[in-house]
Amino acid sequence: MVLRRLLAILLHSPQLVERLSESRPIRRAAQLTAFALLQAQLRGQDAARRLRGLAAGPAGSLGRRATRFRDTFIQELRRGLRERPGPPPGSQRGPGANP
């Protein structure tokens, strides 16, 4: 509690903030932060551009891909449910369960 109050007092001091902003570690941290934000922004723009290009491809190709993905997913899910082993004897619960 005392440490928190002391830090708050120090960080509200304009002279200390000014001196810290001129220090090499703080400037380097600011440079790295700006670089990371710029890279994230550029990658986001690139991904959006590629997505727009994919959607603007042959008419309906994105819709066909989504439909094919859905159909394949459902088919694999049903196959997996059919092929799974049954429950072990005596583990059945519900109205038809043996006591």
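Along each chain, the written sequence defines residue order, and numbers are assigned to residues from 1. Local features in a predicted model are, by the rule used here, given only for residues with pLDDT of at least 70; side-chain atom pairs are given and counted only at 80 or more, and totals for whole chains, interfaces and linings are based on all residues. Neither water nor hydrogens contribute to the side-chain values; these are computed over all heavy atoms in the structure.

**Q** Help me out: how do you make sense of the overall build of the protein in this one?
**A** Working definition: helices are DSSP H or I runs of at least four residues, strands are E runs of at least two. Numbering for both runs from the N terminus. Counting its regular elements, the protein contains four helices and zero strands. Secondary structure elements of the protein occur, N-terminal to C-terminal, as α-α-α-α. In the protein, buried positions account for 1% of the 99 residues. When the accessible surface of the protein is summed, it comes to about 9,600 Å², and 61% of that surface belongs to carbon and sulfur atoms. Here's how the labels work: a residue is buried when its accessible area is under 20% of the maximum for its type, exposed when over 50%, partly exposed in between, all with a 1.4 Å probe on protein chains only. Methods summary: accessible areas were calculated by the Shrake-Rupley approach with a probe of 1.4 Å, and residue burial reflects only the protein chains presented.

**Q** I would appreciate a short explanation of the packing of aromatic side chains in the present structure.
**A** Side-chain rings of Phe, Tyr and Trp (the six-membered ring for Trp) are treated as a pair once their centres are within 6.5 Å; stacked means planes under 30 degrees apart, edge-to-face means over 60, and tilted covers the remaining angles. Under the defined criterion, the tally for this structure stands at one aromatic pair. On the numbers, 6.4 Å between centres and 20° between planes, the contact of Phe 69 with Phe 73 is stacked. You can see Phe 69 and its partner Phe 73 sitting in helix α4 (residues 61-83), four residues apart, about one turn around the helix. Each member of the pair, Phe 69 together with Phe 73, is exposed.

**Q** Got a minute to help me understand a nonpolar patch on the surface in this structure?
**A** The patch calculation keeps residues exceeding 30% relative accessible area without a salt bridge and links them within 9 Å when they carry like charges or within 5 Å when they are nonpolar (Val, Leu, Ile, Met, Phe, Trp, Tyr). Salt bridges are counted wherever a side-chain nitrogen of Lys or Arg sits within 4 Å of a carboxyl oxygen of Asp or Glu. A surface patch of nonpolar side chains, about 520 Å² in accessible area, is lined by Phe 69, Phe 73, Ile 74, Leu 77 and Leu 81. Judged by relative accessible area, Phe 69 falls into the exposed class, the value being 61%.

**Q** How do you make sense of the pattern of salt bridges when you look at a structure like this?
**A** Side chains carrying opposite charge are able to pair once their charged atoms draw close together. The tally for this structure, following the rule as stated, stands at four salt bridges. The partner of Arg 50 in a salt bridge is Asp 46, and the shortest N-O contact between them spans 3.9 Å. In this pair, Arg 50 and Asp 46 both sit in helix α3 (residues 24-55), four residues apart, roughly one turn of the helix. Arg 50 gets classed as exposed once you look at its relative accessible area, which sits at 56%. Classification of Asp 46 by relative accessible area gives partly exposed; the value is 33%. Here Asp 71 and Arg 70 are joined by a salt bridge, their closest N and O atoms 3.1 Å apart. Salt bridges here are not isolated pairs; linked through shared partners, they connect Asp 46, Arg 49 and Arg 50.

**Q** I tried to follow the environment of Leu 62 on my own but got confused; where do I start?
**A** With respect to the secondary-structure elements, Leu 62 resides in helix α4. Expressed as a C-alpha distance, the spacing of Leu 62 and Leu 51, which sit eleven residues apart in the sequence, is 9.8 Å. Should any heavy atoms of two residues lie within 4.5 Å, those residues are considered in contact. Apart from the residues lying within four places of it in its own chain, the contact partners of Leu 62 are Leu 54 and Ala 55.

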